[in-house]
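Letter by letter, the chains look like this.
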Amino acid sequence: MPDLFSPYTLKGVTLRNRIAMSPMTMYRSDADGRMTDFHVMLVGSRAAGGFGLIFPEQIAITPDGRTGTSCAGIWDDSQVEGLSRLTAIIKDMGAVPAIQLGHTGRKGSELKPWDGKMQVPADHPEGWQVRGPSARPFGGRFPYPVHALSKAEIGELHQAYADAASRALDAGFEWLELHFAHGYLGASFFSPLANTRDDEYGGSLENRLRFHREALDAVRKVWPERLPLTIRLGSDDFHPQGVQFDDAVWAIGALREHGLDFADISLGMNSDEVQDVPFQEVAFMVERASRVRREVEIPVGVSWNLGIPAAADRAIREEKIDLVMLGRPALSNPHWPLYAARELGHDDPLSLIPEDW
């Protein structure tokens with residue numbers, strides 16, 4: 001029976017344990033989307049702290065795919081050097097470097113949190129014209145008009161995913177995730193709350209998944225079979241007119257036929273008008289992810305309130321999920337795996353970290 005500290009192998013990659021640091025937007029890149037010394041500190045401390053899989057943050061496939069102008073990108077070859085520096089550090093300390101490729105869609109063009117974290121219009125010095133499946137603003141703090149993507153522009157974005165995946169491979173990443181959650185571009189194509197198209201990318205559930213299938217197909221052509229190709233999927237909008245969890249179960253099964261190796265089960269977040277989201281419940285996404293694992297027969301990971309070591313360990317021991325994805329707990333404690341080992345009663349927590357790094 002596996003536990004939180006059991007090695008985990010997927011395709012040609014083996015993690016030293018089941019603990020991953022989820023990608024989180026840090027707002028610390030330079031204006032050209034390149035990594036800085038901040039990111040060296042961020043990933044280096046977590047690799048030294050014992051995490052098995054480490055994502056630096058969401059990396060944008062185009063300049064307008066960022067959350068804001070201080071967010072990281074991989075749309076240009078000049079960005080590879082900084083990313084390579086991170087993967088070298090992660091590997092040197094015994095962890096596996098992972099990359100999440102994404103596009104923020106209609107939730108982009110945003111100021112840093114300490115500058116107000118508000119969306120700004122296209123004519124603002126730090127803004128741009130946001131894009132999405134339909135000309136439908138998100139609302140709330142994302143009020144600005146959305147440019148509805150043409151079919152030609154959708155094709156260009158799929159090529160951007162593939163180009164970004166090639167650069168990620170050159171940079172030394174060994175695990176790739178496409179971000180189709182949290183109200184960003186992929187999530188908005190999947191959700192009827194954001195996608196009101198009447199062509200082959202809208203309407204039916206199958207049509208609303210077309211963007212994802214074509215993105216996976218484009219990336220699969222350049223990403224080696226020996227390395228995991230994964231997604232983070234917005235599995236539920238918690239809104240009566242939005243994505244329902246049954247939709248997500250079907251979608252992951254369909255995407256598995258397009259080369260998907262692993263599913264990171266998360267939230268849709270395509271509307272601020274959500275209902276009955278159990279945000280305060282410990283491990284509240286575990287049972288949902290377990291259903292995907294069981295019915296689709298695909299390995300899964302999940303985040304959301306798994307910072308209590310006993311809860312995280314139980315989810316692995318009961319074989320409900322394969323990886324624990326930690327966000328805020330990884331930020332607050334770069335040595336969370338060592339802390340968890342002590343909490344769970346390991347005699348020698350440091351023995352869980354390889355000596356050869």
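The structure contained in this document is the topic of the report that follows. Note that the structure is predicted; figures quoted are calculated from it, not measured.

Observations concerning the pattern of salt bridges
Tallied over the entire structure, the rule returns 24 salt bridges. Residue Asp 322 pairs with Arg 293 through a salt bridge whose shortest N-O separation is 2.9 Å. Taken together, the residues Asp 322 in the loop between helix H9 (309-317) and strand S13 (323-326) and Arg 293 in helix H8 (residues 286-296) connect sequence positions 29 residues apart. The exposure class assigned to Asp 322 is buried, which follows from its relative accessible area of 6%.

Observations concerning the side chain of Asn 17
Note that Asn 17 resides in the loop between strand S2 (13-15) and strand S3 (19-21). In this structure Asn 17 touches Leu 4, Phe 5, Ser 6, Pro 7, Tyr 8, Gly 50, Phe 51, Gly 52 and Leu 323, once residues within four positions along its chain are discounted.

As for the pairing of S13
Of the two faces of S13, both are covered, the one formed by Leu 323 and Met 325 as well as the one formed by Val 324 and Leu 326. Note: S3 against S13, 3 bridges, orientation parallel. Bridging across to S13, Met 21 finds its partner in Leu 326. Inspection of the sheet shows strand S12 (residues 300-302) paired to S13 by 2 bridges, in the parallel sense. Each residue of the ladder has a partner; that of Gly 301, found in S13, is Leu 323. As for the winding sense of the linkage, the β-α-β connection from S12 through H9 to S13 is right-handed.

A look at the packing of aromatic side chains
Taken as a whole and judged by the stated rule, the model has 10 aromatic pairs. Relative to Phe 142, the ring of Phe 138 has its centre 5.2 Å away and its plane inclined at 80 degrees; by these criteria the two rings are edge-to-face. Taking the relative accessible area as the measure of exposure, Phe 142 reaches 3% and is therefore buried. Judged by centre distance (6.3 Å) and plane angle (70 degrees), the rings of Phe 189 and Tyr 201 are edge-to-face. Linking Phe 189 in helix H4 (residues 185-190) with Tyr 201 in the loop between H4 and helix H5 (205-208), this pair joins segments that are 12 residues apart in sequence. Here the aromatic residues Tyr 161, Phe 180, Phe 189, Tyr 201 and Phe 211 are joined through ring pairs into a cluster of three or more.

Some points on the environment of Arg 293
A relative accessible area of 26% places Arg 293 in the partly exposed class. Distance in space between the C-alpha atoms of Arg 293 and Ser 332 is 29 Å, their sequence separation being 39 residues. Excluding residues within four positions of it along the chain, Arg 293 makes contact with Ile 298, Val 300, Glu 319, Lys 320, Ile 321 and Asp 322. A polar atom in the side chain of Arg 293 sits 2.9 Å from the side chain of Asp 322.

Re the pairing of strand S10 (residues 229-234)
Most of S10 sits inside the fold, with 6 of its 6 residues counted as buried. Side-chain alternation along S10 places Leu 229, Ile 231 and Leu 233 on one buried face and Thr 230, Arg 232 and Gly 234 on a second face that is also buried. As judged from the 5 bridges shared by strand S9 (residues 175-180) and S10, these two strands associate in the parallel manner. The residue of S10 that forms the bridge with Glu 177 is Thr 230. Strand direction decides the pairing type here: S10 and strand S11 (residues 262-266), joined by 5 bridges, are parallel.

Considerations on helix H11 (residues 336-343)
Those residues of H11 that fall on the buried side of the exposure criterion are Trp 336, Pro 337, Leu 338, Ala 340 and Ala 341. Against S3, H9, S13 and helix H10 (328-332) lie the buried residues of H11.

Some remarks on the side chain of His 39
Positionally, His 39 belongs in helix H1 (residues 37-48). Side chain to side chain, His 39 and Glu 57 meet in a polar contact 2.7 Å long. Ignoring anything within four residues of it in the chain, the contact list for His 39 reads Arg 28, Ser 29, Glu 57 and Leu 86.

Here's the deal with the nonpolar core
Counting 101 residues, the largest nonpolar core has Leu 101, Trp 175, Leu 176, Leu 178 and Ile 321 as its most contacted members. The dominant element in this core, judged by the number of residues it contributes, is helix H3 (residues 151-171), at 8 residues.

Some remarks on unusual backbone geometry
The backbone of Ala 283 sits at a positive phi, close to 55 degrees, despite the residue not being glycine. Within the secondary structure, Ala 283 is located in the loop between S11 and H8. Although it is not a glycine, Trp 304 adopts a positive phi angle of roughly 75 degrees. Within the fold, Trp 304 resides in the loop between S12 and H9.

What about the packing of helix H2 (residues 80-92) against H3?
Two numbers describe how H2 lies on H3: the axes approach to 8 Å, and their chain directions differ by 50 degrees. Here H2 lies oblique to H3, going by the angle between them. Of the two possible hands of crossing, H2 and H3 adopt the one that is right-handed. Here Val 80, Leu 83, Ser 84 and Thr 87 of H2 come into contact with H3, specifically with Arg 167, Asp 170 and Ala 171. For the contact of H2 with H3, a count of residues per class yields 3 nonpolar, 2 polar and 2 charged.

Rules behind the numbers
Residues numbered from 1 in each chain as written. Predicted model: local features only at pLDDT ≥ 70, side-chain atom pairs only at ≥ 80, totals over all residues. Heavy atoms only, no water. Salt bridge = Lys/Arg side-chain N within 4 Å of Asp/Glu carboxyl O. Helix = DSSP H or I, 4+ residues; strand = E, 2+ residues; numbered from the N terminus. Buried < 20%, exposed > 50% of the residue type's maximum accessible area, 1.4 Å probe, protein only. Contact = heavy atoms within 4.5 Å. Pairing = 2+ DSSP bridges. Right-handed = clockwise from strand over helix to strand, strands pointing away. Phe/Tyr/Trp six-rings, centres within 6.5 Å; stacked < 30°, edge-to-face > 60°. Polar contact = N/O pair within 3.5 Å; in protein donor to acceptor, adjacent residues only side chain to side chain. Core = buried A, V, L, I, M, F, W, Y, C linked by side-chain atoms within 4.5 Å. Axes fitted to C-alpha atoms, helices over the stretch in contact; angles between N-to-C directions. Parallel < 35°, antiparallel > 145°, perpendicular 65-115°, else oblique. Left-handed = near helix turned anticlockwise from the far one by under 90°. Nonpolar A, V, L, I, M, F, W, Y, C, P; charged D, E, K, R; others polar.

Limitation: the analysis is restricted to geometry and does not speak to function.
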